[in-house]
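If you want the building blocks of each chain, they are given just below.
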Amino acid sequence: MTKPNQTLETLLQQNYEHGFVTDIESDTLPPGLNADTVRAISAKKNEPEFMLAWRLKAYEHWCQLTEPHWAHLKYTPIDYQAICYYSAPKLKDGPKSLDEVDPKLIETYNKLGIPLKEQEWLAGVAVDAVFDSISVATTFKDKLNDMGIIFCSFSDAVQNHPDLVQQYLGSVVPYTDNFFAALNAAVFSDGSFVYIPPGVRCPMELSTYFRINAKSTGQFERTLIIADKGAYVSYLEGCTAPQRDENQLHAAVVELVALDNAQIKYSTVQNWYPGDENGVGGIYNFVTKRGECRGEHSKISWTQVETGSAITWKYPSVILKGDYSVGEFYSVALTNHHQQADTGTKMVHIGKHTKSTIVSKGISAGFAQNTYRGLVKVLAQADGAHNYTRCDSLLMGTHCGAHTFPYIESKNSRARIEHEASTSKISEDQLFYLAQRGIDTENAVSMIVNGFCKEVMKTLPMEFAVEARKLLGLSLEGSIG
Amino acid sequence: MLIINKLQVSIQNKAILKGIDLKIKPGEVHAIMGPNGSGKSTLANVLSGREEYDITAGTLHYQGVDLAPLTPDERAHLGLFLSFQYPVEIPGVSNLYLLKSALNAKRKHQGLDEIDAIDFLSVVREKMKLLQMDDSYLYRDVNTGFSGGEKKRNEILQLLLLEPSLCILDETDSGLDIDALRIVAKGINLMRNENRSILLITHYQRLLDYIKPDVVHVLSDGKMIAEGDYQLAAVLEAEGYEPFIQKKAGD
Ligand SMILES: Nc1ncnc2c1ncn2[C@@H]1O[C@H](COP(=O)(O)OP(=O)(O)OP(=O)(O)O)[C@@H](O)[C@H]1O
Ligand SMILES: [Mg+2]
C-alpha cells in the first residue's frame, strides 16, 4: 500500500489554497469524442501511462458498440458528438447568492430541512463561506487518517495510490461490460476512491457530501471502493436535495470489492432533476453499479432510493464469488409525471452457500413508467445457493405503469429461489381514513407510501432515512386529489 | 350543534338517504338503529366528507358551518370524528406514528407547536391504560393483523386522544366481547360532557345500557321512521323493526 497521505484534510486544504473560486478558470474541450479527446483528458489530469492505455482501449471498444435499447424506456437519441467531455469546474458562473437561485428550489430545500449553508453548496453558490458548512468533516479527518483509511477523489487516488488503482480499476466493471461503462472508462472525469485496510471498521458513514470537490465531477463519474479482509464500510451517495445539472446524460460507474469477511454497505439517494410536469428536460441516468464479494463470508448491500432523473437505467449487482458470501439489494424507485425508471439488480451466485436478498418497491404516479428488471443467476458449482426476491408495485392513478421482469437462470438444481410479487393501488379507504383523522392528502400519501417502502427505508442509515422519508412525500406532491 | 336538513344522498345514481332531518345539541347523545343496508354508515360517511357520495338535496351544518364544501380533514379539524365500522389497515405505518401525526395535525390547526415526544407518550399511555390496551399496540402497524375487537378498541383510543366535539361511532360495539364492551363504554362515557355531541350507530340495546342516549332514531330504507327515548331500544330489541316499518307504511 502507498502512503496514506491524501486524506480529507489535505483535500480540503488544497481547495482552499487554490482558492477554488478564482483559479480554476473554465478550461473546456470542444464537443465531440475521438482518441485525441481521450488523450487530452488524461493529459489534463496528468495521469500515469497505464490510465491512458486503459482509457484508449475502452474508447476503441466503445466505438464498436451501439447503444442498448432493451430496457423499457423511450427517449430521444443522444448525440455523443455533441457532448463536451471535459470541462474544468467554472464556479464563477454559478449564482452569487441564494437570492439568485430558483425560488422553487429553495422552497424544496426548506421543506427538506436542509441548513442554509448546505443549500448554498447544493445550489452551486460560489462563495468561500460555503466550505464552512463542510468543516464538520475536518473533525473526522484525523481519525480516518490514523486508521489508514483512504477516502479521496479518484484523481487524487490515481496520483497518490496508483498501485491500488491499477490493481482494482475495472476489475468488477470492465470497460467491455456495456456501452455506458465503456464510455465512462474512456472519458470519466472524477469520482471517489475508498480503501479500508484489513480488519478496520470505518467509524463513520463516508459520504460524498463531505467531500467538496465532489461538486462538478460531472456527467461521467467513477467510484471505486475496496474493503480489505475483515474491513467494514458504509458509504452514502447523493443527497435528498434536488440537484440540477445542465448535463443531460449521466453515465456513472461504481465498483465495489469486498475481500474475505469484509462488508460494504452502499446507500444511494438519487434525486437528479426529473424534468417538469410535462416531461421536458431532466437527467438521463445510465449507471453501472456492481459489487464483487471476492472473498468468503463477505457481504455487499445496496440500498437505493431513486426519485429523480427523467430516465433511470440502473442495476446495482453483486457477484457472489466467495463461499458463504451475501448480496443484498433494497430499492425504492418512485416515478411521477413522465419519468421512466428501468431498474433492478443482478445476483450472480458462483460460490457455495451464497445468499442473496432482493426487495424492490416501485411507485408510479402520473404518466410514469416503472420497471423492475432482475436476474438471479446460479452457476452449477454454487451448491447451497439461496435467493429471496420480493417485488411490490404501488400505482397511483390510472395513467402510469408498473412492469416486472424477474429472470432466473439456475444451473444448480438444488438452489433455492423464492419469488414474491404484488401490485396494488393506493386505496381510497386508506386516504379517507387518514383524512378523517385530520391528516391532509399530501401527508397521507406520504405516510402510505413510506409504509409501503418501510422494509427498504429501514436499511438506510438513520439520518439519511429521515430525509428520504420526506423526499418520497415531496416527490408525490400533487399526484392525488 | 349538528343540523341535518332534508338530506338526500345517492351513490352511483342509486338513492340511499331519502330525506333525513336530525339535530344534535351539544351534550346530547343520539343513537341510530336500523336494519342492515338502511343507510346508517352512509350517513356517517357523508357527514365525514367521503367523496363517492352525491348530496342531491338538503344541507349539513355543524357549529353553523356548512359542511358540504369541506374536505374530510377540514371537517376533522372542526371537531368531527368517525369511529369506523370497518377500520382500515395501513401496512408499514406504526400506530404510534399515526396517533402522533393526527394529534399534531390537530395542534397545527389550532396554532400550537408539535407535541413533545415524551409528553405524547405519557398522554397515549394514560389513554391506553384506560382502555386496558397493551403498549405493544403502539408499535404495530395501524390495524394490520388486529382482531375485529382490537380494531374497535384502537378507534376509541384515537377518539380519546383527539378529543373531538362531535363523535360518530359506527357500530363500535360490534365485534367487542362482553368485557371489552364495558371497557370501551366506560371510555366513551368519560368523554361525555355538556359541549360534546355523540352519535351512536348500533344494532344492540346492550351498548345503550352502558351509554344512555337522549334520543333513539330508527332509520329504515333511507328514512327516519321512528324516534323515542332510551326505552325505544328495548321495544326494538323485543319486537324487531318490522312493526315500525309496517306502521310507517300504513301512515
Ligand atoms: N359504494 C357503494 N356502491 C353501491 N352501493 C352502496 C355503496 N355503499 C353503500 N351502498 C349501498 O347503500 C345502502 C346503505 O348502506 P350502508 O352501509 O349505509 O348501510 P348500513 O345501514 O350501515 O348497514 P349495516 O347495518 O349493514 O352496516 C346499501 O344497500 C349498500 O349496499
Ligand atoms: Mg353500516
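Residues numbered from 1 in each chain as written. Chains lettered and ligands numbered in written order. Predicted model: local features only at pLDDT ≥ 70, side-chain atom pairs only at ≥ 80, totals over all residues. Heavy atoms only, no water.

Each helix and strand in chain B was counted, giving 10 helices and 12 strands. Compactness check: chain B gives a C-alpha radius of gyration of 18 Å against a globular reference of 18 Å for 251 residues, within 12% of the reference. For chain B, the spread of C-alpha atoms along the three principal axes comes to 60 × 40 × 35 Å. Carbon and sulfur atoms provide 49% of the accessible area of chain B, an area that totals close to 11,500 Å². Both charge centroids of chain B, one from 28 positive and one from 35 negative side chains, sit 2 Å from each other. (Helix = DSSP H or I, 4+ residues; strand = E, 2+ residues; numbered from the N terminus. Rg over C-alpha atoms; globule rule 2.2 N^0.38 Å. Areas by Shrake-Rupley, 256 points an atom, 1.4 Å probe, with all protein chains shown as cover. Lys, Arg positive; Asp, Glu negative; His and termini not counted. Charge placed at Lys NZ, Arg CZ, Asp CG, Glu CD.)

A word on the interface of chain B and chain A. Listed per partner, the contact involves 30 residues of chain B and 18 residues of chain A. At the surface where chain B touches chain A, the tally comes to three salt bridges. Arg50 of chain B is the salt-bridge partner of Asp429 of chain A, the closest N and O atoms lying 2.8 Å from each other. At the junction of chain B with chain A, the criterion picks out 13 residue pairs in polar contact (both at pLDDT 80 or more). Elements supplying a minimum of two residues to the side of chain B that touches chain A: helix H1 (40-48), helix H2 (72-77), strand E6 (80-83), strand E7 (90-94), helix H3 (95-109), strand E8 (141-142) and helix H6 (148-162) of chain B. (Contact = heavy atoms within 4.5 Å. Salt bridge = Lys/Arg side-chain N within 4 Å of Asp/Glu carboxyl O. Polar contact = N/O pair within 3.5 Å; in protein donor to acceptor, adjacent residues only side chain to side chain.)

Further remarks concern the coordination of the magnesium ion (ligand 2). Residues and elements named next belong to chain B. Within the first shell, the magnesium ion (ligand 2) binds the protein through Ser41 (OG) and Gln85 (OE1), at distances of 2.0 to 2.1 Å. One end of the pair, Ser41, is in helix H1; the other, Gln85, is in the loop between E6 and E7, with 44 residues separating them in the sequence. Ser41 gets classed as partly exposed once you look at its relative accessible area, which sits at 23%. (Donors = N, O, S within 2.8 Å, 3.2 Å for Na, K, Ca; no water. Buried < 20%, exposed > 50% of the residue type's maximum accessible area, 1.4 Å probe, protein only.)

All right, on to the environment of Gly148 of chain A then. Examined against the element boundaries, Gly148 of chain A turns out to sit in the loop between helix H6 (136-146) and strand E1 (150-153). Sequence separation between Gly148 of chain A and Val200 of chain A is 52 residues; the distance between their C-alpha atoms is 8.5 Å.

This brings us to the side chain of Ser83 of chain B. For Ser83 of chain B, the location among the structural elements is in strand E6. Here Thr172 of chain B takes part through its side chain, which lies 3.0 Å from a polar atom of the side chain of Ser83 of chain B.

Before going further, it helps to examine the site of ligand 1. All names here are of chain B. Contacts to ligand 1 come from 15 residues, most closely from Gly37, Lys40, Ser41, Thr42 and His203. Contacts to ligand 1 include Gly39, whose backbone N or O atom sits 3.0 Å from an oxygen atom. At a separation of 2.9 Å, an oxygen atom of ligand 1 approaches a polar side-chain atom of His203. Relative to its free-state accessible area of 640 Å², ligand 1 is covered by the protein chains to the extent of 66%. Contributing elements (two or more residues each) for the shell around ligand 1: strand E2 (14-24) and H1. Residue contributions to the shell around ligand 1 peak at three residues, all from H1. For the shell around ligand 1, the per-class residue count stands at three nonpolar, nine polar and three charged. (Near = heavy atom within 4 Å. Nonpolar A, V, L, I, M, F, W, Y, C, P; charged D, E, K, R; others polar.)

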